[in-house]
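# Structural description and commentary
Residue strings, one per chain:
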Amino acid sequence: MGYKRKSWKHIAFVFLLSFTLAVITSLGTTILMRKTNLGLALILLLVIVIINIGFDVIGTAATAATEQPHHAKAANKVPGARQTVFLVRHADTVANFTNDIVGDVTGAISGGMSASIVLEIIRTYPALEVHEIWIDTLLIALVASVTVTGKAAGKTFAIQKADEIIGQVGSLTARIEDLTGWTMTDKKRKGGKRHGNSRKN
């Protein structure tokens, strides 16, 4: 019963997080698309595709990395090492967020942006309206091909350089924690373990 409740909570959290990210990013890109020219719109589309690929690399690196190389750094209080251990230890959650949530949201947004760009092309060059279906098909196919190829290459790179990549992400996470004062470390979980051990003794 507890497992089912936890599962439903996780599903609800993923839904709300995905919905919120989709609304924010979609609204932001829609506003930018309306205020930019065709060239900048294409650059923005490329940025969204790169974000999709980049987060896929992070998710793959998290699942392929190992804790051991980072424990010594964490013991020596190297900045970002503790966060790196946490990310590797929770690789399934990291991969779910980066590969599934961010990946699917950015994939959906890039598809919508492609359609908007096609409409802008037709509006700017009315003579191309008779070729709209081909332009639409080619642009969507191009975006899909770049995304899939980028992810394929990124996965190979992520597996080969998993510890280095996740180490950089851990360092970035540490900087964000320092700037915001928000922490994602598992101090409470560790504290709970110590408390449990003391009770046994």
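Being a predicted model, the structure only gives us computed values, none of them experimental. (Residues numbered from 1 in each chain as written. Predicted model: local features only at pLDDT ≥ 70, side-chain atom pairs only at ≥ 80, totals over all residues. Heavy atoms only, no water.)

From N to C terminus, the protein chain includes eight helices and zero strands. The N-to-C order of helical and strand elements in the protein chain reads α-α-α-α-α-α-α-α. Expressed as a percentage of its 201 residues, the buried residues of the protein chain come to 31%. In the structure as shown, the protein chain presents an accessible area of about 13300 Å², 67% of it carried by carbon and sulfur atoms. (Helix = DSSP H or I, 4+ residues; strand = E, 2+ residues; numbered from the N terminus. Buried < 20%, exposed > 50% of the residue type's maximum accessible area, 1.4 Å probe, protein only. Areas by Shrake-Rupley, 256 points an atom, 1.4 Å probe, with all protein chains shown as cover.)

Here we come to the packing of aromatic side chains. For the structure shown, the criterion picks out one aromatic pair. Ring geometry for Phe15 versus Phe19: centroids 6.2 Å apart, planes at 20 degrees, classification stacked. Linking Phe15 with Phe19, this pair stays in helix H1 (residues 2-35), spanning four residues, or about one helical turn. (Phe/Tyr/Trp six-rings, centres within 6.5 Å; stacked < 30°, edge-to-face > 60°.)

When pLDDT is averaged along the protein chain, the result is 83; 88% of the residues meet or exceed 70. Helix H6 (residues 132-160) holds the highest mean pLDDT among the elements of the protein chain, 94, whereas helix H8 (residues 187-200) holds the lowest, 42. Confidence drops under pLDDT 50 across residues 188-201; counting only partners more than four residues distant or on other chains, this segment forms two contacts. (pLDDT = per-residue confidence, 0-100. Contact = heavy atoms within 4.5 Å.)

Another aspect to go through is the UniProt feature "transmembrane region" (unreviewed entry) in the protein chain. Mapped onto this numbering, the UniProt entry gives "transmembrane region" (unreviewed entry) at residues 12-32 and 38-58. Secondary structure across residues 12-32 divides into 100% helix and 0% strand, with the first and last C-alpha atoms of the span separated by 30 Å. Along residues 38-58 one finds 100% helix and 0% strand; the C-alpha atoms at either end are 31 Å apart. (UniProt positions renumbered as here; feature names shortened; annotations may be inferred.)

This part is about the pattern of salt bridges. For side chains of opposite charge, pairing can occur when their charged atoms come near one another. Enumeration over the complete set of coordinates arrives at three salt bridges. A salt bridge links Glu120 to Arg123, with the shortest nitrogen-to-oxygen separation between them at 2.6 Å. Placement of both Glu120 and Arg123 in helix H5 (residues 91-124) is noted, with a separation of three residues, approximately one turn of the helix. For Arg123, a relative accessible area of 60% corresponds to the exposed category. (Salt bridge = Lys/Arg side-chain N within 4 Å of Asp/Glu carboxyl O.)

Before going further, it helps to examine the side chain of Thr147. If you trace the backbone, Thr147 turns up in helix H6. A distance of 2.8 Å separates a polar atom in the side chain of Thr147 from the backbone oxygen of Val143. If near-sequence neighbours (up to four positions away) are discounted, Thr147 is found in contact with Val49, Asn52 and Ile53. (Polar contact = N/O pair within 3.5 Å; in protein donor to acceptor, adjacent residues only side chain to side chain.)

In an α-helix there are 3.6 residues to a turn, and that puts residues three or four apart on one side. Its 27 residues give helix H2 (residues 38-64) an end-to-end C-alpha distance of 39 Å, which sits within 8% of 39 Å, the value for a rise of 1.5 Å per residue. Two or three places before Gly39, at the opening of H2, Asn37 has a side-chain oxygen 3.2 Å from that residue's backbone nitrogen. (Expected span 1.5 Å × (residues − 1).)

As a packed pair, H2 and helix H7 (residues 162-180) sit with axes 8 Å apart at the nearest point and diverge in direction by 115 degrees. Considering the relative orientation of H2 and H7, their crossing is left-handed. Facing H2, whose interface residues are Val57, Ile58, Ala61, Ala62 and Ala64, H7 presents Ala162, Ile165, Ile166 and Val169. Among the residues forming the contact of H2 with H7, the class breakdown is nine nonpolar, no polar and no charged. (Axes fitted to C-alpha atoms, helices over the stretch in contact; angles between N-to-C directions. Left-handed = near helix turned anticlockwise from the far one by under 90°. Nonpolar A, V, L, I, M, F, W, Y, C, P; charged D, E, K, R; others polar.)

We now examine the side chain of Glu177. When you line up the elements, Glu177 lands in helix H7. Arg82 is the oppositely charged side chain nearest to the buried, salt-bridge-free Glu177, at an N-O distance of 4.6 Å. (Lys, Arg positive; Asp, Glu negative; His and termini not counted.)

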